[in-house]
Amino acid sequence: MKAVKNDIAPTEEPWEQSTEPPKSDLYKAAFEQQYVDQNTDWFNYKELYYHTDKTGETDWALVYAYLPMTSPIELTTIVGNRVLSPGTQYDPFRACYGIYDVKEDKFIDAGSASAKSYDGFFKVFDEIGGGRLIGDIDRDNDLSVIDATLLQRCDLKLRDYPEDDVFSVTYEWGKSRYYSDFNRDGGRDILDVTALQRYLISE
């Protein structure tokens, strides 16, 4: 399919972040070099966050980039605790978010298995990324003790789980997932409350 330059984003734009946004796109030249075989003028690209290592040097950056198409495809990807849908099967990243590895001088998909090796990535993405948070029962785009309390009430059958609690993951055909399943074991129970409470304490 030929790319059409327009303003249709395959996934939601990043949420307003509490950290100070980057002042410039420091690695856009590296991005253009990696995708030199494509017309990078057609890409929407922005850098959202710079992570520093123990020496104070930037070791990775979170980027948001996509190639606008006539319409996004139905693709669901989980990155950290966020569900991104719909997505795109086109370059550069299947869910529009990527990591630039400064030391290795390469971009990788934020939804890839290797993303977990980047220190602090999932915490940062939970704060900055788009989509919907797993465990965010009150839908305020934040994980809090209120969500843990609501999960506990649902587990005790004092209230119903939200009607829109179920979603499916594109690459796990036939499998359903729940926004209330914080520990990702496929069920909805008190273990999700415990996992969310531990997550909140660790912040």
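For the structure, see preceding data.
Small disclaimer: the values here were computed from a predicted structure and weren't measured.

Can you walk me through the pattern of salt bridges in this structure?
As enumerated under the stated definition, the model contains four salt bridges in all. With its nearest N and O atoms 3.2 Å apart, the salt bridge here joins aspartate 164 to arginine 132. Of the two residues, aspartate 164 is situated in the loop between helix 3 (145–155) and strand 8 (166–168) and arginine 132 in strand 7 (residues 132–133); the sequence distance between them amounts to 32 residues. On the basis of relative accessible area, arginine 132 is assigned to the buried category, the value being 11%. Taking the shortest distance from any N to any O, the salt bridge between aspartate 165 and arginine 188 comes out at 2.8 Å. Here the residue aspartate 165 occupies a position in the loop between helix 3 and strand 8, and arginine 188 occupies one in the loop between strand 9 (176–178) and helix 4 (190–202), the gap between them amounting to 23 residues.

Explanation requested: the packing of helix 3 against helix 4 in the structure shown.
The relative placement of two packed helices comes down to the angle between their axes together with the axis-to-axis distance. In the contact formed by helix 3 and helix 4, the axes pass within 9 Å of each other and the chain directions differ by 170°. On the basis of their axis angle, the class for helix 3 and helix 4 is roughly antiparallel. Contacts between helix 3 and helix 4 pair Val145, Asp147, Ala148, Leu151, Gln152 and Asp155 from the former with Ile190, Asp192, Val193, Leu196, Gln197 and Leu200 from the latter. Classifying every residue of the contact of helix 3 with helix 4 gives seven nonpolar, two polar and three charged.

Hey, could you run me through the environment of valine 193 in this one?
With respect to the helices and strands, valine 193 occurs in helix 4. Linking valine 193 and glycine 135, residues 58 residues apart in sequence, is a C-alpha distance of 8.9 Å. Not counting residues within four places of it along the chain, the set of residues in contact with valine 193 comprises Ala148, Leu151 and Gln152.

Got a minute to help me understand the pairing of strand 5 (residues 97–101) in this structure?
Successive side chains on a regular strand alternate, one facing one side of the sheet and the next facing the other. With respect to burial, strand 5 is a largely interior element, five of its five residues being buried. Of the two faces of strand 5, the one lined by Tyr97, Ile99 and Asp101 and the one lined by Gly98 and Tyr100 are each fully buried. Across five bridges, the pairing between strand 2 (residues 58–66) and strand 5 is antiparallel. Looking at the pairing, valine 63 lines up with glycine 98 of strand 5. Judged from the four bridges that link them, strand 5 and strand 6 (residues 106–109) form a sheet pairing that is antiparallel. In the strand pairing of strand 6, tyrosine 100 is matched with phenylalanine 107. Here strand 5 folds back onto strand 6 in antiparallel fashion, the turn holding four residues, of which aspartate 105 has a positive phi close to 55°.

Here is what the cut-offs are and how they apply
- The numbering scheme is per chain: residues are counted from 1 as the chain's sequence reads.
- Thresholds applied to this predicted model are a pLDDT of at least 70 for local features of residues and 80 or more for the giving and counting of side-chain atom pairs; totals over whole chains, interfaces and linings are not thresholded and use all residues.
- Think of the side-chain values as coming from all heavy atoms in the structure, minus any hydrogens and water.
- Throughout this description, the term salt bridge denotes a Lys or Arg side-chain nitrogen within 4 Å of a carboxyl oxygen of Asp or Glu.
- Helix numbering and strand numbering both begin at the N terminus, where a helix is a DSSP run of H or I of at least 4 residues and a strand a DSSP run of E of at least 2.
- Throughout this description, buried means an accessible area under 20% of the type-specific maximum (1.4 Å probe, protein chains only), exposed means over 50%, and partly exposed covers the range between.
- Here the axes come from fitting lines to C-alpha atoms, over the contacting stretch only for helices, and the angles between their N-to-C directions go from 0 to 180 degrees.
- Any angle from 65 to 115 degrees is called roughly perpendicular, while one under 35 is roughly parallel, one over 145 is roughly antiparallel, and all others are oblique.
- Working rule for contacts: check all heavy atoms of both residues, and any pair within 4.5 Å makes them a contact.
- All amino acids are sorted into three groups, where Ala, Val, Leu, Ile, Met, Phe, Trp, Tyr, Cys and Pro are nonpolar, Asp, Glu, Lys and Arg are charged, and the leftover types, Gly among them, are polar.
- Pairing between strands is defined by DSSP: at least two bridges between the two strands are required.

These figures capture arrangement, not role.
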